[in-house]
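Fold and contact review
Here is how the chains run, residue by residue.
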Amino acid sequence: MMQEQYNFSEIEKKHQATWLKDKSFYALESSKKPKFYCLSMLPYPSGKLHMGHVRNYTIGDVLARFHHMKGFNVLQPFGWDAFGLPAENAALQTQTPPSVWTYNNIAYMKNQLQSLGLAVDWSREFATCSPSYYKHQQWLFIQLYKKGIIYRKNGTVNWDPVDQTVLANEQVIDGKGWRSGAVVIKKEIPMYYFKITNYAEELLNDLDNLTGWPDQVKAMQRNWIGKSKGMEITFCGNTPDKNITVFTTRPDTLMGVSYLAISAEHPLVKEAIAIKPELVDFVKQCKLGGVSEAELAVQEKVGIFSGLYVKNPISHEQVPVWIANYVLMNYGSGAVMGVPAHDQRDFEFVHKYNLPIKIVIQPTNGTKLNQPLTEAYLDKGTLVNSLSLDGLDFEAAFKKIESLLAEHQLAQTKINYRLRDWGISRQRYWGCPIPIIHCEDCGEVLVADENLPVILPENIIPDGKNSPLATNSDFYKVQCPQCNKEARRETDTMDTFVDSSWYYARYTANDCTDKILDQRVNYWTPVDQYIGGVEHAILHLLYARFFHKCLRDLNLVNSAEPFKNLLTQGMVLAETYFREDSLGKKTWINPQEVEVFYNEKKQISHAISIKDGKTVQIGGMEKMSKSKNNGVDPQTIIEQYGADTARLFMMFAAPPELSLEWSDNGIEGASRFIRRLWRVVYDFCVQGVEEKYIGGDLTIDQKKLRQQLHQTIAKVTNDIAVRKQFNTAIAAVMELLNSYLKTELSNTNGRKLAQEVLENIILMLSPIIPHVCQELWSNLNPNSQLLEQNWPQALNLTDVIDEVEIVVQVNGKLRSKILIAKNLPKEEIESLALNNTNVQKFTHNQIIKKIII
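As a starting point, this report considers the structure included with it. Only a predicted model underlies this, so the values are computations on that prediction, with no experimental measurement involved. (Residues numbered from 1 in each chain as written. Predicted model: local features only at pLDDT ≥ 70, side-chain atom pairs only at ≥ 80, totals over all residues. Heavy atoms only, no water.)

Digging into the overall build of the chain
The condition is simple: Runs of E in the DSSP output that reach at least two residues are strands. Runs of H or I that reach at least four are helices, and both are numbered from the N terminus. For every residue, the accessible area (1.4 Å probe, protein chains only) is compared with the maximum for its type, and the residue is labelled buried under 20%, exposed over 50%, or partly exposed between those bounds. In what follows, a contact means two residues having at least one pair of non-hydrogen atoms within 4.5 Å. Surface accessibility follows the Shrake-Rupley procedure with a 1.4 Å probe radius. Residue values consider only the protein chains on display as shielding. The positive count covers Lys and Arg only, the negative count covers Asp and Glu only, and His and the chain ends enter neither. Charge positions are represented by NZ for Lys, CZ for Arg, CG for Asp and CD for Glu.
The secondary structure content of the chain amounts to 26 helices and 35 strands. Reported as C-alpha extents along the three principal axes, the dimensions of the chain are approximately 105 × 80 × 65 Å. Out of the 853 residues in the chain, the part that is buried amounts to 53%. For the chain, restricting intrachain contacts to residue pairs at least 6 apart in sequence, the fraction spanning at least 24 positions comes to 71%. Carbon and sulfur atoms make up 49% of the accessible area of the chain, which totals about 39500 Å². Computing the positive centroid from 92 side-chain charges and the negative centroid from 96, the chain places the two 2 Å apart.

Put into structure tokens, the structure is as follows:
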């Protein structure tokens, strides 16, 4: 007997336990069904879920469950991106090893995830910090090293002189270390690099094949790879070793060069210092601050004349060489040509130092640029003041410059990429050890396969300075595998982006211990649907694409791309509230500690603190975050309303690619709808369940309801499978339920139609709110299982209704609605309309000029 009251807690726990016990969502490669690999980006085990997690994993789960019902063999695995600096920071605070913090968090968050009722194959779960995972990552590193895809060289990094560690770009705030507050310096240290630039052209071209990816993401990757055609031009010094080569996409501006700018790390700087010792202080100053492009873009551009000159290769004019803080050695050749008339950065630079500005490009529309310029002219045009190049356009000048200089080996056309090789060395502890041994005699020696994994000791508590591995002799003291002499194990660990760049493939064979992957990877990959935040559009997705091509070239996979379709969900936003002290410092107050008041337009008018009743200021909608204290704890929502309510709200409140605004009213509305659905099914079941309608007389209203049912099935199917617009799918089902409640269904065939409608409503909602649907289905169909049901098929019912309702307008305004038989002659329709009482009110004593049917 169905319970009258909807007890979400009891229902959800019961079905979650059954799904786990029955291994309901475990995937087998032996299935004859078509496969569907559905994957959400794996989370970092930060401690507890946030609403962004709930949204991301609910989207994936809806798609996984939908495809299961559509007859696919579905794989939806789960794992943990478990290495990284946050664990070390937590270890500093708690004085416990990062491993303890990480594994405790994984256990807690897994329990939270399971409370959402995700249709996950938990047999494939792993954490990237597990030796059974990173053993294979180390093996992969070794194979790529052997192929020349990995190499070691000095690289310029953000170096914190207090914490004695490399900082990621995002850890440099206003030129200072985020934790120590020390001024960051640019430092050259040996680093391991992945030669991702070898794949730049393929990574760029294959974007055209990713038809299931958002255009926005593909555009971001194209810009990041940054292919450009240009020319390498050599400016000659007194001797060949003093030549400076630059790459430019605008060789047509060559005669407008006022100066060359070189990096403080450029080899010629040492020679310049020998001539002008006073350069030392400036060079030191250039080494302060971070190395990110974002920081370089906003910092003040400063420079100093080096005392050196080079010759313009065409005019042979002397060009001064300046040392500038905006040029980095690891970008291109560490030198750029300064063309102030036609580059805004150079324009601002020369005004600061009173360098000459020479116009060498004039617009093609006949207007003339005259000195003094107020800003740089950036467009291509006609060359002037350029000797034999005068009058040429960009293309002609490009060819002629190359022709003039190529025979002297001073220029060559070159395709350049903004993309740089990926430095993966991190001077941190909690990461995957790099499987290299350094021997004074043998150099870099790879760890033998049989000695993998190189185990990371898990019982260390970092002190916040240096990598603990660099001072742990038990870890780094080893014998050279080749000469047996004393050697040193590499103490850098891998960037955590490496861990997440191939995890999707490992899910397919996570129980394979003797090798990284087996034939199952080619059954499951590429991933059919990948889901995650748009903030990962560049680095993670680009690195995963690169890794997949590396796996292909190692004959481990037979496809070129890892993810066939990509859905990037928007952020979860919530209102912010704060108080501000006399110094302007804001204290953020959690929305759950605030009482909000609304005006007649249902807009927030003011808010007060529940604690003290005093006014708080309204900060507007912001991304849920700890810094703004506006996060909503998913566990609280699940405990108060149930997982299905949380899932329904997340899918209904906004299209998945847009930001979602958290609303207490919205979550209440989702809860009311589920309770209403429960009551509707309860009221039906207490009168006894029926066979589904398969034919027989129906009233006009009943026919309309059945037609709407199958129109809704068609719409919901398209909304989920094609458009990925879950909010409109849910809205359509809600409209169907409203129509159901307005339709008289008490006769025999009406009851059977009610059974058909309710069954299909439950089937359509089951991917979104699976627990309550499972319970409702078991009451409507006591002898069948919801998980065994197929997705409903829409019938074409356009001919089942003998009568149709049409509207009657007089002078463009609706005046009545009339019910007519199908295929009624035109004359009879006109007669019915003209004789309608409401219509006659507006046509009485009027001359009817025109009737349109």
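Concerning the state of the cysteines
By definition, a disulfide is the covalent link that joins the sulfur atoms of two cysteine residues. How we decide: Two cysteine sulfur atoms form a disulfide, by the criterion used here, when they sit within 2.5 Å.
One pass over the structure, following the stated rule, counts zero disulfides. No disulfide involves cysteine 129; its sulfur sits 11 Å from that of cysteine 432, the nearest cysteine. Looking at cysteine 129, the relative accessible area reads 1%, which means it is buried. The thiol sulfur of cysteine 483 is not disulfide-bonded, and the nearest other cysteine sulfur, from cysteine 439, lies at 3.6 Å.

Here's the deal with a nonpolar patch on the surface
Selection rule: For patches, a residue must show more than 30% relative accessible area and have no salt bridge; joins then use 9 Å for like charges and 5 Å for nonpolar side chains, namely Val, Leu, Ile, Met, Phe, Trp and Tyr. One speaks of a salt bridge when a side-chain nitrogen belonging to Lys or Arg is within 4 Å of a carboxyl oxygen belonging to Asp or Glu.
Taken together, the side chains of Leu834, Ile848, Ile851 and Ile853 present a nonpolar region at the surface, about 330 Å² in accessible area. With respect to the element layout, isoleucine 853 can be found in the segment after helix 26 (837–843). Taking relative accessible area as the criterion, isoleucine 853 reaches 58% and is therefore assigned exposed.

Focus: the packing of helix 20 (residues 664–685) against helix 23 (residues 748–765)
Let me state the cut-off plainly: Orientation is described by lines fitted to C-alpha atoms, with helices fitted over the stretch in contact, and by angles between N-to-C directions that extend from 0 to 180 degrees. Roughly parallel covers angles under 35 degrees, roughly antiparallel covers those over 145, roughly perpendicular covers 65 to 115, and oblique covers all other angles. If you view the pair so one helix is near and one far, a crossing is left-handed when the near helix is turned anticlockwise from the far one by less than a right angle, and right-handed when it is turned clockwise. Under the grouping applied here, Gly and all other residues not named as nonpolar or charged are polar, the nonpolar ones being Ala, Val, Leu, Ile, Met, Phe, Trp, Tyr, Cys and Pro and the charged ones Asp, Glu, Lys and Arg.
Between helix 20 and helix 23, the shortest axis-to-axis distance is 11 Å and the interhelical angle comes to 150 degrees. Here helix 23 runs roughly antiparallel to helix 20, going by the angle between their axes. For the pair helix 20 and helix 23, the sense of crossing is left-handed. Within the contact between the two elements, helix 20 uses Phe673, Leu677, Val680, Val681 and Phe684 and helix 23 uses Arg751, Ala754, Gln755, Leu758, Ile761, Ile762 and Leu765. Each residue belonging to the contact of helix 20 with helix 23 can be placed in one class, and the counts come to ten nonpolar, one polar and one charged.

Quick word on the pairing of strand 34 (residues 803–810)
Stated formally: At least two bridges found by DSSP between two strands are what make those strands a pair.
Sheet analysis places strand 34 next to strand 35 (residues 813–821), joined by eight bridges and oriented antiparallel. Among the inter-strand pairings, valine 804 is bridged to a residue of strand 35, identified as isoleucine 820.

Here's the deal with the sheet that holds strand 26 (residues 529–533)
Here we have four strands laid out as an open sheet, ordered 2-1-26-27, and parallel in their pairing. Looking at strand neighbours, the two that pair on one side only are strand 2 (73–75) and strand 27 (566–569), the edges of this open sheet. Averaged over all pairs of adjacent strands, the angle between their axes in this sheet comes to 15 degrees, without regard to strand direction.

Topic: the packing of aromatic side chains
One pair of aromatic rings is described through two measures. These are the centre distance and the angle between the planes. Condition: For Phe, Tyr and Trp, where Trp contributes only its six-membered ring, two rings pair if their centres lie within 6.5 Å, and the inter-plane angle classes them as stacked under 30 degrees, edge-to-face over 60, or tilted in between. We call a charge positioned above a ring when the Lys NZ or Arg CZ atom is no farther than 6 Å from the ring centre and deviates by at most 35 degrees from the ring normal.
Evaluated as defined, the whole model comprises 44 aromatic pairs. Its end group placed over the ring of phenylalanine 578, lysine 586 keeps NZ or CZ at 4.6 Å from the ring centre.

A look at the side chain of histidine 771
Condition: Counting of polar contacts relies on pairs of N or O atoms within 3.5 Å, with two restrictions inside protein: one atom must be capable of donating a hydrogen and the other of accepting it, and residues adjacent in sequence are counted only when both atoms are side-chain atoms.
Inspection of the secondary structure assignment puts histidine 771 in helix 24 (residues 770–780). Within the structure, histidine 771 has its side chain in polar contact with the side chain of glutamine 16 (distance 2.9 Å). Setting aside its immediate chain neighbours within four residues, histidine 771 contacts Ile11, Glu12, His15, Gln16, Trp19, Leu116, Gly117, Ala643 and Asp644.

Some remarks on the nonpolar core
Operational definition: Only buried residues count toward a nonpolar core, which is a set of Ala, Val, Leu, Ile, Met, Phe, Trp, Tyr and Cys residues joined through side-chain atoms within 4.5 Å.
By size, the foremost hydrophobic cluster in this structure holds 174 residues, and its most contacted members are Phe546, Trp662 and Tyr740. Looking at this core, the element that brings in the most residues is helix 20, giving eleven residues. Beyond its immediate chain neighbours, meaning those up to four positions away, tryptophan 662 contacts Met51, Leu573, Ala574, Met621, Met624, Val632, Ile637, Phe649, Met650 and Ile667. Ranked by size, the runner-up nonpolar core spans 45 residues in total, among them Phe282, Ala335, Ala341 and Ala397.

What to know about the sheet that holds strand 13 (residues 303–311)
One open sheet accounts for four strands, arranged 13-14-12-15; its pairing is mixed. Edge strands, defined here as strands with exactly one partner in the open sheet, are strand 13 and strand 15 (335–338). Across this sheet, the average inter-strand angle for adjacent strands is 30 degrees, counted without regard to direction. In terms of strand pairing, strand 12 (residues 259–262) meets strand 15 through four bridges, oriented antiparallel. Considered in strand 15, the bridge of alanine 261 is made with valine 336. Relative to the sheet, helix 8 (residues 268–275) contacts strand 12, strand 13 and strand 14 (318–324), its axis offset from that of strand 13 by approximately 105 degrees. The strands touched by helix 9 (residues 279–286) are strand 13 and strand 14; relative to strand 13, the strand with the most contacts, the crossing angle is about 105 degrees.

Quick word on the packing of helix 22 (residues 726–742) against helix 23
At their nearest, the axes of helix 22 and helix 23 sit 11 Å apart, and the two run at 160 degrees to each other. By the angle class used here, helix 22 and helix 23 are roughly antiparallel. Judged by the sense of rotation from one axis to the other, the crossing of helix 22 with helix 23 is left-handed. The segment helix 22 lies against helix 23, with Val733, Leu736, Leu737 and Tyr740 engaging Ala754, Val757, Leu758, Ile761, Met764 and Leu765. Here the contact of helix 22 with helix 23 is built from residues that sort into ten nonpolar, no polar and no charged.

Digging into the pattern of salt bridges
If you walk through the whole model with that rule in mind, you get 37 salt bridges. Note that glutamate 29 is salt-bridged to arginine 124, the shortest N-O span being 2.9 Å. Of the two residues, glutamate 29 sits in the loop between helix 1 (8–22) and strand 1 (35–40) while arginine 124 sits in the loop between helix 4 (98–114) and strand 4 (126–127), which places them 95 residues apart along the sequence. The exposure class of glutamate 29 is partly exposed, given its relative accessible area of 23%. On the accessibility criterion, arginine 124 (5% relative accessible area) is buried. Between lysine 564 and aspartate 528 there is a salt bridge whose closest N-O contact spans 3.4 Å.

Quick look at the environment of aspartate 511
Assignment of secondary structure puts aspartate 511 in the loop between helix 15 (503–506) and helix 16 (520–524). Taking relative accessible area as the criterion, aspartate 511 reaches 51% and is therefore assigned exposed. A C-alpha to C-alpha distance of 46 Å links aspartate 511 and asparagine 665, two positions 154 residues apart in sequence.

Digging into the environment of glycine 423
Within the secondary structure, glycine 423 is located in strand 19 (residues 422–423). Take glycine 423: its relative accessible area is 15%, and that puts it in the buried class. Sequence spacing of glycine 423 and lysine 195 is 228 residues, and the spatial spacing of their C-alpha atoms is 8.9 Å. If near-sequence neighbours (up to four positions away) are discounted, glycine 423 is found in contact with Met191, Tyr192 and Tyr193.

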